[in-house]
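Overview (structure and organization)
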Protein chains: 2
Amino acid sequence: MEVRIKCENLQRAGSFKIRGAMNALLQLDDDQRRRGVVAFSSGNHAQGVALAARLLGIPATIVMPESSVAMKVQATESYGAKVVTAGVTSATRDTIAREIAEKNGAAVIPPFDDTRIICGAATAALEIVEEWHEVNTIVTPLGGGGLLSGTALSSTSLKPGIDVYGVEPEAGNDGERSFKSGKIVTIDPPKTIADGARTLAIGQRNFAIIRERVRDVVSVNDEILLETVKWSMYRTKLVIEPTGALGLAALFAGKIRPKGPVAVVISGGNLDFSLLC
Amino acid sequence: MEVRIKCENLQRAGSFKIRGAMNALLQLDDDQRRRGVVAFSSGNHAQGVALAARLLGIPATIVMPESSVAMKVQATESYGAKVVTAGVTSATRDTIAREIAEKNGAAVIPPFDDTRIICGAATAALEIVEEWHEVNTIVTPLGGGGLLSGTALSSTSLKPGIDVYGVEPEAGNDGERSFKSGKIVTIDPPKTIADGARTLAIGQRNFAIIRERVRDVVSVNDEILLETVKWSMYRTKLVIEPTGALGLAALFAGKIRPKGPVAVVISGGNLDFSLLC
């Protein structure tokens, strides 16, 4: 069976996030662009918004928790964004971001529960289906649901009958439970190396699409995930972050049994190398 | 200034070595192919010969020192080669390989001081010049001289006046000293993370070409080399082994100041991840 990977780890700013960020920022009018944008994220969304804003000449403020990895703060600042961390915990950053937005009249760019973000993320699968007509199954990681809902939206529109799967870390399988129960399940902050999939609940807009267009949601444990990260680096010479390896890990673990040519979306490559030690 | 990289880390068996190995094996007649091949190497040449032999259906024996990294022994065996390590040190492996060859009538495939190996390695630069007419400078790592002499041979033939540079680790700069003095200098086993460039002396055939066609040979220390490996993985999402990063490190360190578009050959990606810890 042929497996191809969609290398969003080679994407600008190191993940698929710039697709949604760029699409959202392109919708702003001149006045909104002048007032700038605000985003809250400790990870790839921060870097995606920061780079998209720089490319469009829009001022950006990113609210990151005080516990953020120094490397990710530096990367976000290196794209020209103003980073706010003082007094910010994961729980309060949403509120702080909205306060900053109200004060400056800046637009908040949400990480996943947003139509512009979903449509931007959808372009990855659009490219897959356009470039590879035989593709029969697409597998993506699942965090808040931006990538999975976007993937399902574009791929099933272009190719009805295609199977779309989402993969979560076992410890943070709120999406799997939501999909199975038909209601959004909220969990406590999960302990998993897949830092991009530590979201506590899928977004509402994302869930509506996922329920309707996704074949199944499965999960894999951190052990096989770490094995997959190492395998990928050793065999493909590509740096893949744990969240990005979820789809491949699900294939290795036999959690997904595709019925034909399968495309696996590697969502990002912003790996903290200390994980390999 | 535009810099492009030639990703031999993405090559079959993880390095440029398969180019020379395949070319050498293709020259063997049917009788020689039946009797098989022998190579001595603890690194990428072992894997290159093993894979080339498998692809051509030729039995291969690889003599590796007992101190070889387990992962590299496994990789070589996984390509179907017979690996001999018992009683083998780096100093004796050459003799042991020749004994095996004499006993079985097998052909010894040397790592670099061989016209077939040089011509095979030369195809990397052939591709560079054919694909990128504007290229003005080519930078490659330097160990035994197979890649550098091959690169100089093909690139200066196709584009006279092109500048070719070789880069060594500072602790193992026999090639730099040979190039400057005009005579092959032999050194003691060097301590450097660039395990592919720990050769004690350049090969005679390689040196004859390098003297005539290479612009300069420079060296970089292990500190900047490790920085470059990490930078490459972080910024390009490509896994590069220390030897493969020599060319980029020389540019970062300002040891080479190209006068135009420059192609840097990344020789391999078989990285021992413990180096990052």
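Right, let's walk through the structure included here.

What counts as what
- Residues numbered from 1 in each chain as written.
- Chains lettered and ligands numbered in written order.
- Predicted model: local features only at pLDDT ≥ 70, side-chain atom pairs only at ≥ 80, totals over all residues.
- Heavy atoms only, no water.
- Helix = DSSP H or I, 4+ residues; strand = E, 2+ residues; numbered from the N terminus.
- Rg over C-alpha atoms; globule rule 2.2 N^0.38 Å.
- Buried < 20%, exposed > 50% of the residue type's maximum accessible area, 1.4 Å probe, protein only.
- Contact = heavy atoms within 4.5 Å.
- Areas by Shrake-Rupley, 256 points an atom, 1.4 Å probe, with all protein chains shown as cover.
- Lys, Arg positive; Asp, Glu negative; His and termini not counted.
- Charge placed at Lys NZ, Arg CZ, Asp CG, Glu CD.
- Least-squares fit on C-alpha atoms with pLDDT ≥ 70 in both.
- Buried area = accessible area lost by both parts, 1.4 Å probe.
- Polar contact = N/O pair within 3.5 Å; in protein donor to acceptor, adjacent residues only side chain to side chain.
- Nonpolar A, V, L, I, M, F, W, Y, C, P; charged D, E, K, R; others polar.
- Phe/Tyr/Trp six-rings, centres within 6.5 Å; stacked < 30°, edge-to-face > 60°.
- Disulfide = S-S within 2.5 Å.
- Pairing = 2+ DSSP bridges.
- Axes fitted to C-alpha atoms, helices over the stretch in contact; angles between N-to-C directions.
- Salt bridge = Lys/Arg side-chain N within 4 Å of Asp/Glu carboxyl O.
- Core = buried A, V, L, I, M, F, W, Y, C linked by side-chain atoms within 4.5 Å.
- Parallel < 35°, antiparallel > 145°, perpendicular 65-115°, else oblique.
- Left-handed = near helix turned anticlockwise from the far one by under 90°.

Some thoughts on the overall build of chain A
Each helix and strand in chain A was counted, giving 11 helices and nine strands. Here the C-alpha radius of gyration of chain A, 18 Å, is about what a compact globule of 277 residues would show, namely 19 Å. For chain A, the C-alpha atoms occupy an extent of roughly 55 × 40 × 35 Å along the three principal directions. Within chain A, the proportion of its 277 residues that are buried is 58%. Counted over contacts in chain A with a minimum sequence separation of 6, partners at least 24 positions apart contribute 72%. Split by element, the accessible area of chain A, about 11500 Å² in all, is 50% carbon and sulfur. In chain A, 31 positive and 30 negative side-chain charges are present, and the distance between their average locations comes to 1 Å.

A closer look at the relation of the copies chain A and chain B
Turning chain A through 180° and shifting it by 0.0 Å along the axis lays it on chain B, with an RMSD of 0.0 Å. On this basis, the relationship between the two copies can be described by a two-fold rotation axis. By residue overlap, the copies meet face to face through one surface: 100% of the interface positions of chain A are interface positions in chain B.

Overview of the interface of chain A and chain B
Facing the 17 residues of chain A at the interface are 17 residues of chain B. Regarding the contact of chain A and chain B, the summed buried area is about 1600 Å², with carbon and sulfur atoms giving 67% of it. The largest contributions to the chain A side of the interface with chain B come from A:Tyr234, A:Lys237 and A:Phe273, which together make up 41% of the buried area. Applying the counting rule to chain A against chain B returns six residue pairs in polar contact (both at pLDDT 80 or more). Mapped by element, the contributors of at least two residues to the side of chain A that touches chain B are helix 4 (70–78) and helix 10 (222–236) of chain A. Among the elements that make up the side of chain A that touches chain B, the one with the highest residue count is helix 10 of chain A (four residues). Residue composition of the side of chain A that touches chain B, by class: 10 nonpolar, five polar and two charged.

Details of the packing of aromatic side chains
Residues and elements named next belong to chain A. Overall, the coordinates contain two aromatic pairs over all chains when judged by the stated rule. Aromatic side chains Trp-231 and Phe-252 sit 5.0 Å apart centroid to centroid with 70° between the ring planes, which places their arrangement in the edge-to-face category. Within this pair, whereas Trp-231 is found in helix 10, its partner Phe-252 is found in helix 11 (residues 246–252), the two being separated by 21 residues in sequence. Given a relative accessible area of 38%, Trp-231 falls into the partly exposed group.

As for the state of the cysteines
As enumerated under the stated definition, the model contains one disulfide over all chains in all. Two residues, A:Cys277 and B:Cys277, share a disulfide whose sulfurs are 2.2 Å apart. Given an S-S torsion of about -100°, the disulfide between A:Cys277 and B:Cys277 has left-handed geometry. Placement of the pair is A:Cys277 in the segment after strand 9 (262–266) and B:Cys277 in the segment after strand 9 (262–266), with the two residues belonging to separate chains. B:Cys277 carries the same exposure label as A:Cys277, and that label is exposed.

Some details on unusual backbone geometry
Look at A:Ala13: it is not a glycine, yet its phi comes out positive at around 65°. Here A:Ala13 lies in the loop between strand 1 (3–7) and helix 1 (17–26). One non-glycine residue, B:Lys237, lies in positive phi territory at about 60°. By the element assignment, B:Lys237 lies in the loop between helix 10 (222–236) and helix 11 (246–252). According to the relative accessible area criterion, B:Lys237 is buried, its value standing at 4%.

Observations regarding helix 1 of chain A
Most of helix 1 of chain A sits out of view: seven of its 10 residues are buried. Among the residues of helix 1 of chain A, those classed as buried are A:Lys17, A:Ile18, A:Arg19, A:Gly20, A:Ala21, A:Ala24 and A:Leu25.

Details of the sheet that holds strand 6 (residues 137–141) of chain A
All names here are of chain A. Read across the sheet, five strands follow the order 1-9-6-7-8 without closing on themselves; strand pairing throughout is parallel. Two strands in the sheet have a free side with no partner beyond their single neighbour: strand 1 and strand 8 (216–220). On average, adjacent strands in this sheet sit at an angle of 25° to one another, irrespective of strand direction. Of the strand pairs in this sheet, strand 1 and strand 9 are connected by five bridges, and their pairing is parallel. Among the inter-strand pairings, Arg-4 is bridged to a residue of strand 9, identified as Ala-263. Sitting on the sheet, helix 8 (residues 174–181) is in contact with strand 7 (163–169) and strand 8, with an inclination near 150° to strand 8.

Brief notes about the side chain of B:Glu168
Residues and elements named next belong to chain B. One can find Glu-168 in strand 7 (residues 163–169). For the buried Glu-168, no salt bridge is present, and the opposite-charge side chain at shortest range is Arg-177, 8.3 Å distant. Among the polar contacts listed, one links the side chain of Glu-168 to the backbone nitrogen of Glu-176, at a separation of 2.8 Å.

So, the nonpolar core
Membership of the largest hydrophobic core comes to 54 residues, with the highest contact counts inside it found for A:Met233 and B:Met233. If we skip the residues at most four places from it in the chain, B:Met233 touches A:Met233, A:Val239, A:Phe273, B:Leu238, B:Val239, B:Ile240, B:Leu271 and B:Leu276.

Some points on the packing of helix 6 (residues 115–131) of chain A against helix 7 (residues 146–158) of chain A
Residue and element names in this part refer to chain A. Two elements in contact, helix 6 and helix 7, have axes separated by 7 Å at closest approach and are oriented at 50°. When the axis of helix 6 is compared with that of helix 7, the two are oblique. Crossing geometry of helix 6 relative to helix 7 is assigned as right-handed. Note on element contacts: helix 7 touches helix 6 through Gly-146, Leu-147, Ser-149, Gly-150, Thr-151, Leu-153, Ser-154, Ser-155 and Leu-158, opposite Ile-118, Ala-121, Ala-122, Ala-125, Leu-126 and Val-129. Split by residue class, the contact of helix 6 with helix 7 holds nine nonpolar, six polar and no charged.

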